[in-house]
Structure formats: C-alpha cells, structure tokens
Amino acid sequence: MTEVLVVVDHVDGAIRKPTFELIALAKRLGSPSAVFFGGADASAAAAEKLKAFGADKIYVVDDAEIKGYLVAPKAEALQQLVEKTSPAAVLLVSGYEGKEVAGRLAIKTGSGLITDAVDVEDGGVTTQSVFAGNYTVKAKVTKGTPIITVKPNSATPEETAGAGEVEQFAATVSDAAKKAQIVAAQPRQATGRPELTEAAIVVSGGRGTGGDFAPIEGLADALGAAVGASRAAVDSGWMPHSFQVGQTGKTVSPQLYVANGISGAIQHRAGMQTSKTIVAVNKDEEAPIFELVDFGVVGDLHAVLPAATEEINQRKG
C-alpha cells in the first residue's frame, strides 16, 4: 500500500490532537507514515503514541540542524523524503507554519497544493469552505504529489494500532535554507486551556461583554474550552489579538462554538461559521448571529453564562 506522509505537529515531543486526525484521514488514502522532527530523547515516546493511533511507519528526522531556523529547512527535509518514498499524499495541519511549509514543499516538488481542507476522501478529493464559509467546494490535486493542509477538528482520531516501524531519516539542509534564523522566542503563557484553533469547544465574547470576560472564561473552564473574542473586543483592548476569531483573526471549526454578546457581522462569521454546532447568547433578538445558530438564547450573558456554568459544574459533580 502506498505511503501517505503525515507531518507531526508537536511541542517538545507532546503530540497535538490534529496530528492524530491527519493519521485517520491518511488511512483513506494509503498507509500512514508519520514524519517526526525532533531529537532522540523525544522520538521514542512519540513513536509509541503515533503507533497507537495507526501510524504504520515513523520517520524520525533529527532536528538539530532545523529547529533554529524558520520553515525552509523543514521543507527541504520533506522534499527529500517525498523523493525517497513517492507518497500518495503529504498531509499537514493547517496553521501558520504548516501552510508555509506546504507551500514551499509544493514548489520544490512541482506539486499541487490544497490548503484549509475540512475533509479528505478516498482518492484524494478534498472539501473546503470558501468565500467566508458561504460555499463548499470539492478539489483534487492533478499534478505531482498532493500536498494538503487540513484544519483541526476535521476528523475523529482512531486509536487503532499500526505497525509503528521506526526509521531514522538523515536530511541534508542547504546553507540557503538557513538564512532566516530564530534568535529569540517568547514562550506562550500557560492557561490550562486548549489552543484556540485546535479546540473542540470555543467560547467567545464580543462587545456585549462590556470588557468583562469573567463569565466567558468561567464557562470555557467548565467546558474545557478555548476562549475567543470578536474584533470589537480586541479593538477595545479587552483581549489580545491572538484571541480574535474572524476574517482578520483566526479561523476555527470546533464541534461547539458559543458566541456571547457578538452581533454576528460577516467578518466574525467568516472565522467560525464552519463550526459543527453554534450557540449564541445576545440581548438583541434581531442580532445577525441568530440567523446562523443552531441554538439561541435572548438574554444578558452576565446572567445566562454564570447560571449555565453553575449547572455544568454541578452535573460534573
């Protein structure tokens, strides 16, 4: 069976959930082969986890010559691996780095590129939401090796063991790829909440919060959710831009999206309307967000959310 390369998204060896989703999708196209960029100290534990979720092969690429630089060395390493394995496709997580690496890899291998897929079917046919989520299109790469980036929460991980054969892969990185070097990094402040673009549940707040995000954060913590914000909340200085959901912020596609005090302007909808289930809380019953939702509550979020949070916590015991 032809290999399908899955680029592992991890932080210091801790593999993120979207990688397991990619492995599940890769099984539709061929035999999943994970590509892990990291040192020997992290690769052994990562290999066991990848095997448990169905990876038949794990290529371990020592990142000693890669991790100090921006995306170019990783793209070069993947190019060499593609040339070695002739895979049916290469799958990456849709994110800032994933899409940049995918674009470079497509150029290097003379291949077609599809970004932000929300599904990958047998035969390599992808589904995408375009024009701010107003249309769904099917697409397929017709040239070279299909390079596909997939949005988080597009598939359900399957805990079915694969062969898990580990192979060390030595990549040669050119000097030209080492021109953009990382000289400093600021660690992300730990909140205990999931990453916004990867979260299965997102609770967002907008202008209606009046700057008080305590009810938003309380509900998010009760649900194990990420916190998001509308552009109005970010522009008012209530939340950092990294929390912004929308056309000029991040695009999310969780199983559940809860919009609180958000009017539902097209710019915000563009970033969240592919969510599987949408709930809105707003005092204005004429708010555009209600045209989009599966469930709506007309009421003051400062009263509704604490009551919902209390009920959820009681049910959790």
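As a reminder, the structure under discussion sits directly above these lines.
Residues numbered from 1 in each chain as written. Predicted model: local features only at pLDDT ≥ 70, side-chain atom pairs only at ≥ 80, totals over all residues. Heavy atoms only, no water.

Draft legend 1. Geometry of the pattern of salt bridges. This structure, assessed with the given rule, holds 17 salt bridges. Of the charged contacts in the structure, one is a salt bridge between Lys-138 and Glu-121, with a shortest N-O distance of 2.5 Å. Of the two residues, Lys-138 is situated in strand E9 (residues 135-139) and Glu-121 in the loop between strand E7 (113-120) and strand E8 (126-130); the sequence distance between them amounts to 17 residues. Since its relative accessible area comes to 53%, Lys-138 is described here as exposed. Asp-221 is the partner of Arg-193 in a salt bridge, and the nearest nitrogen-oxygen pair spans 2.7 Å. Of the two residues, Arg-193 sits in the loop between strand E11 (165-169) and strand E12 (201-205) while Asp-221 sits in helix H5 (residues 214-223), which places them 28 residues apart along the sequence. The class for Asp-221 is partly exposed, based on a relative accessible area of 45%. (Salt bridge = Lys/Arg side-chain N within 4 Å of Asp/Glu carboxyl O. Helix = DSSP H or I, 4+ residues; strand = E, 2+ residues; numbered from the N terminus. Buried < 20%, exposed > 50% of the residue type's maximum accessible area, 1.4 Å probe, protein only.)

Draft legend 2. Region of interest: unusual backbone geometry. Although it is not a glycine, Ser-86 sits at a positive phi angle of roughly 45 degrees. The residue Ser-86 is located in the loop between helix H3 (72-85) and strand E6 (89-93) in this model. The class of Ser-86 is exposed, set by a relative accessible area of 52%. Of note in this structure, Asn-153 is not a glycine but carries a positive phi near 70 degrees. Tracing the chain through its elements places Asn-153 in the loop between strand E10 (147-150) and E11.

Draft legend 3. Focus on the sheet that holds strand E13 (residues 226-229). What the 5 strands build is an open sheet, ordered E13-E12-E14-E15-E16; its pairing is parallel. In this open sheet, the two strands that pair with only one neighbour each are E13 and strand E16 (295-298). Taking the axes of each pair of neighbouring strands and ignoring which way they run, one obtains an average angle of 15 degrees across the sheet. Strand direction decides the pairing type here: strand E14 (residues 256-260) and strand E15 (residues 277-282), joined by 5 bridges, are parallel. Counted as the bridge partner of Tyr-257 is Ile-278 from E15. (Pairing = 2+ DSSP bridges. Axes fitted to C-alpha atoms, helices over the stretch in contact; angles between N-to-C directions.)

Any functional reading would require information that these geometric values do not contain.
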